[in-house]
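# Descriptive analysis of the structure
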Amino acid sequence: MKVRIQQLNPTVGDLSGNTRDILSALKKAEKSGTDLLILPEMCTCGYTPMDLLENPAFLKTIDRFNKDIIQATRKTALIFGSVTLNLNQPGRPCFNAALMAQNGQKIAEVHKTLLPTYDVFDEDRYFERNDEFKCITWQGKKFGITICEDIWVNESSVQYYTYDLDPVEKLVDEGAEAIINISASPFTDVKAKNRRQMLKKHVGKHHCPIFYANQAGGHTELISDGDSMALNARAEIIANAPLFEEAFLDVEWDAANEVQSCKAESGIQAPERMKRIFGALQQGLRDYLEKTGVTSQVLIGLSGGIDSSLTACIAAEALGPENVMGVTMPSEFSSEGSVTDAEQLAKNLDIELREIPVKSLYDEYLDLLKPLFAGTEFGVAEENLQSRIRGVLLMAIANKFNRFVLNTGNKSELATGYCTLYGDTNGAVAVLSDLYKTEVFTLAHWLNKSYYYKEVIPQEILDKPPSAELRPDQKDTDQLPEYDTLDAILQLYIEGQQSISEIVDNGFEEKLVKRVIRLVHQNEYKRYQTPPGLKIHTKAFGTGRRWPIVQNWTNNFLE
């Protein structure tokens, strides 16, 4: 039996476009003599449709497209992920489902059992859960179909919820000779490694092959990385698809339950961490623009600093340099390098660069405010005014030339509030918002040495101490700890969800730990007003971290 595992990049809500992609994949599989084509979770509607699933018209339209796809099948059998109606009310109105069809007929419909409701997931809000476990017998093979979380049971990077039910084990108990899993699994920097470990653990326990099909594409904050694969009964990955692109792999599944790749070579090793992160950010940004359909061009405020420089590199690679414009906006506090370094970066990337000095505008604002500010010292109001002027200019240019402004802030700044609301926080999408400052530097160094094979980011940018340049000789460390220390504390607190005492036990001063955590919670109101950010870590700001702005519990334990 020839099995094709194909990863698609659907657009949320584009039911007709996604269906065309599914039928195109089916047609190509039929021409190649494929017996069984396996497509990812919810590939008819994209993941995740969120409250579109509460719209009855949306659900009815999906149901119609499901029937069209089923009727289009011929000799090649198809397994695809979709949403199906729950016709046996009471209960939630729909299922997260896998449908199997052949020769215009539905062979099976399987519902997702484990409905994650943690981090970015909210499936129990929308779907009715599966309550029966039956294998499918087809062409002499008996296999079980699972959907994403069903195979990740109690294997998450951070265990928010522990399940008492293992769908894979249930299906094996029913006689499954192989497990098929269709997924729309969001990327994190550790997901590729964890995924392999998890799949191998299942095979090692049950000694049956696994066919794993995952989406590949960006969906606002979430990025699915693909990495579809097939494992034989000895827990060996015998074929896998690349990350961050639509692709497929073909394997032979014989009568002895052996699985062999149809190609002599396959990229079985996961790419190194920095390459995965760079690929994820490119995919997330590219799909954000393509799938919104508003514009294909972006605008970046280039300060000559590391964050805006790295953002420009990602944008130029993802969108093409012809679609990227940089604007440098020096003030009286800007160093000479803030302009010259930005110019060199733009030259290296071959992107357009414009310069708009803001000193005269800044002086005019101060003159207007002088009667009100009389008798006060230069402070945060005057500093932030510069950032807000720059934000207004960027938005004006974006409006005039139909471009999206890219937010360049990093996770360290976002966590501690070291960013100006309505200035630094402007933008349609935050490219680096889930990368700590130290990771920004690491990725930038990797780009110069391993990706571009040349110094695309000028060494001067890599060497200069980080600064907002909003007052004379300003450095980030005037207000923040050294980034090595700050980021280590933030990672333990945000991703690791450790307590103050646990972080202190890692070697950090208690007073400093409390100060950092206080900054995190004092600035929650800012994060509620920032653009969506591309998720890279297991815990990102945004939909996956829902802290109240108004609360006193944090203040109590920080006393």
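Structural data are supplied above this passage.
I will try to describe carefully the structure that is included in this document. (Residues numbered from 1 in each chain as written. Predicted model: local features only at pLDDT ≥ 70, side-chain atom pairs only at ≥ 80, totals over all residues. Heavy atoms only, no water.)

### Focus on the sheet that holds strand β14 (residues 247-253)
The strands making up a sheet are joined through hydrogen bonds of the backbone, oriented either antiparallel or parallel. Pairing is mixed across the open sheet formed by 7 strands, whose spatial order is β5-β4-β3-β2-β1-β14-β15. Where the open sheet ends on each side, the last strands, each with one partner, are β5 (105-111) and β15 (259-261). Looking at each pair of strands side by side, their axes are set apart by 30° on average, direction ignored. Pairing geometry for strand β1 (residues 2-7) and β14, over 6 bridges, is antiparallel. Directly across from Ile5, in β14, lies its bridge partner Leu249. Against the sheet, helix α2 (residues 56-72) engages β3 (77-85), β4 (94-102) and β5, with an angle of about 165° to β3. (Pairing = 2+ DSSP bridges. Helix = DSSP H or I, 4+ residues; strand = E, 2+ residues; numbered from the N terminus. Axes fitted to C-alpha atoms, helices over the stretch in contact; angles between N-to-C directions. Contact = heavy atoms within 4.5 Å.)

### Describing the state of the cysteines
This model, assessed by the stated rule, comprises 0 disulfides. Considering cysteine sulfurs only, Cys45 is the nearest to Cys43, which forms no disulfide, with 8.4 Å between them. (Disulfide = S-S within 2.5 Å.)

### Observations regarding the environment of Gln282
Mapped onto the fold, Gln282 is located in helix α5 (residues 273-292). Under the relative-accessibility criterion, Gln282 is labelled buried at 10%. The spacing of Gln282 and Ile223 is 59 residues in sequence and 10.0 Å in space, taken between C-alpha atoms. (Buried < 20%, exposed > 50% of the residue type's maximum accessible area, 1.4 Å probe, protein only.)

### Overview of the packing of helix α11 (residues 437-451) against helix α13 (residues 483-494)
Between α11 and α13, whose axes approach to 8 Å, the crossing angle comes to 115°. Viewed along their axes, α11 and α13 adopt a mutual orientation that is roughly perpendicular. On α13, the residues touching Lys437, Thr438 and Glu439 of α11 are Tyr483, Asp484, Asp487 and Gln491. Its residues assigned to classes, the contact of α11 with α13 shows 1 nonpolar, 2 polar and 4 charged. (Parallel < 35°, antiparallel > 145°, perpendicular 65-115°, else oblique. Nonpolar A, V, L, I, M, F, W, Y, C, P; charged D, E, K, R; others polar.)

### Re the sheet that holds strand β16 (residues 298-301)
The 5 strands lie next to each other as β18-β17-β16-β19-β20, forming an open sheet whose pairing is parallel. A strand with exactly one partner marks an edge of an open sheet, and here the two such strands are β18 (352-355) and β20 (429-430). Strands in contact with helix α6 (residues 306-319) are β16, β17 (324-328) and β19 (404-407); relative to β16, the strand with the most contacts, it is inclined by about 165°. On the sheet, helix α9 (residues 380-401) packs against β16, β17 and β19 and is oriented at approximately 165° with respect to β16.

### Observations regarding the environment of Asn323
Inspection of the secondary structure puts Asn323 in the loop between α6 and β17. In the structure, Asn323 is positioned 28 residues away from Ile351 in sequence and 7.9 Å away in space, judged by C-alpha atoms. With sequence-adjacent residues up to four places away left out, Asn323 is seen in contact with Ser296, Gln297, Val298 and Arg403.

### A few points about the nonpolar core
In terms of nonpolar packing, the biggest core is built from 50 residues, with Leu281, Leu285, Leu349, Leu443 and Ile457 touching the most fellow members. Sorting the residues of this core by element identifies α5, β16, α6, α7 (336-349), β19, α11 and α12 (459-463) as the ones contributing at least two each. If we skip the residues at most four places from it in the chain, Leu443 touches Met274, Ile277, Phe278, Leu281, Leu310 and Leu435. Core analysis: the second largest hydrophobic core is formed by 31 residues, Ile5, Leu36, Phe211 and Ile238 among them. (Core = buried A, V, L, I, M, F, W, Y, C linked by side-chain atoms within 4.5 Å.)

The values reported here are purely geometric and, on their own, carry no functional implication.
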